[in-house]
Amino acid sequence: MRTFVISDIHGQYNSYMRMLDKIKFGKKDFLYVLGDCIDRGPDGINVIKDLMKRDNAELILGNHELMLLNSLEYLRDIEAGREPSNMGDDGMSPLELWTHPCNGGEGTSMEYAGLPEKEKESIEKYLRERRLIKRITIGDKKYHLSHS
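Quick caveat: nothing in here was measured; it's all calculated off a predicted structure.

The rules behind the values
Residues numbered from 1 in each chain as written. Predicted model: local features only at pLDDT ≥ 70, side-chain atom pairs only at ≥ 80, totals over all residues. Heavy atoms only, no water. 1 Å grid on protein atoms, 1.4 Å probe; cavity = no way out; pocket = protein on both sides within 12 Å on 5 of 7 lines; lining within 4 Å. Points joined across faces, edges and corners; volume = space filled by probe spheres on them. Helix = DSSP H or I, 4+ residues; strand = E, 2+ residues; numbered from the N terminus. Pairing = 2+ DSSP bridges. Axes fitted to C-alpha atoms, helices over the stretch in contact; angles between N-to-C directions. Buried < 20%, exposed > 50% of the residue type's maximum accessible area, 1.4 Å probe, protein only. Arc of directions from axis to C-beta. Contact = heavy atoms within 4.5 Å. Disulfide = S-S within 2.5 Å.

In this structure, the largest pocket occupies an estimated 300 Å³ of space. Forming the walls of the largest pocket are 14 residues, and the residues nearest its centre are Leu72, Leu75, Glu79, Tyr112 and Lys120. Residue assignment for the lining of the largest pocket shows that the elements contributing at least two residues are helix H3 (63–79), helix H4 (94–99), helix H5 (106–113) and helix H6 (117–128). Broken down by element, the residue count for the lining of the largest pocket peaks at five residues, all from H3.

What follows is the structure, encoded as structure tokens:
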């Protein structure tokens, strides 16, 4: 069994798939993705969907996945008529922060918004179940995995 670690795919689904093909990633291998599989590129949702269906891959949350989750919470507060609990100190909403050009979440947010409700729920549930940090042991070496 081989173990691979990658981060910052940033919606580049085709490059991600080419990478898996190039390393001949197989069912006996394991892949850790250390965050930021979405935003900036055109196909972040497809990267998440691919990770969701793999038993031999694990996503560790990055700041871009957290921005998506914070935006969903913010939008729920607004829709329910509640004062949003997660406004930034700068007065920028989580949605504004996520979709700001420096973060590149606009494409992912539009891609996500166009999904059927069940698919949105499935993706949100998957992301909420992810960790920020994971410690693993490979052979006699210990590793601390995170996006930070």
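After that view of the structure, there is still more to cover.
Further remarks concern the sheet that holds strand E1 (residues 3–6). In space, the three strands of this open sheet follow the order E1-E2-E3, with parallel pairing throughout. With partners counted over all chains shown, the strands left at the sheet margins are E1 and strand E3 (57–60), one partner each. Each neighbouring strand pair of the sheet contributes to a mean axis angle of 15°, computed without reference to strand direction. In terms of strand pairing, strand E2 (residues 30–34) meets E3 through four bridges, oriented parallel. Bridge pairing in E3 links Leu34 to Ile60.

Turning to H5, its buried residues number three or more, namely Thr108, Ser109 and Tyr112. Mapping the buried residues of H5 onto a view down its axis gives an arc of 100°, with all of them on the same face. In the core, the buried residues of H5 are packed alongside helix H2 (44–53), H3, H4 and H6.

This part is about the state of the cysteines. The term disulfide refers to a covalent linkage connecting the sulfur atoms of a pair of cysteines. For the coordinates displayed, the defined rule picks out zero disulfides. In this model Cys37 remains outside any disulfide bridge; the closest cysteine sulfur is found in Cys102, 18 Å from its own. Exposure remark for Cys37: the relative accessible area of 0% places this residue in the buried category. Residue classification places Cys102 among the partly exposed positions, given a relative accessible area of 48%.

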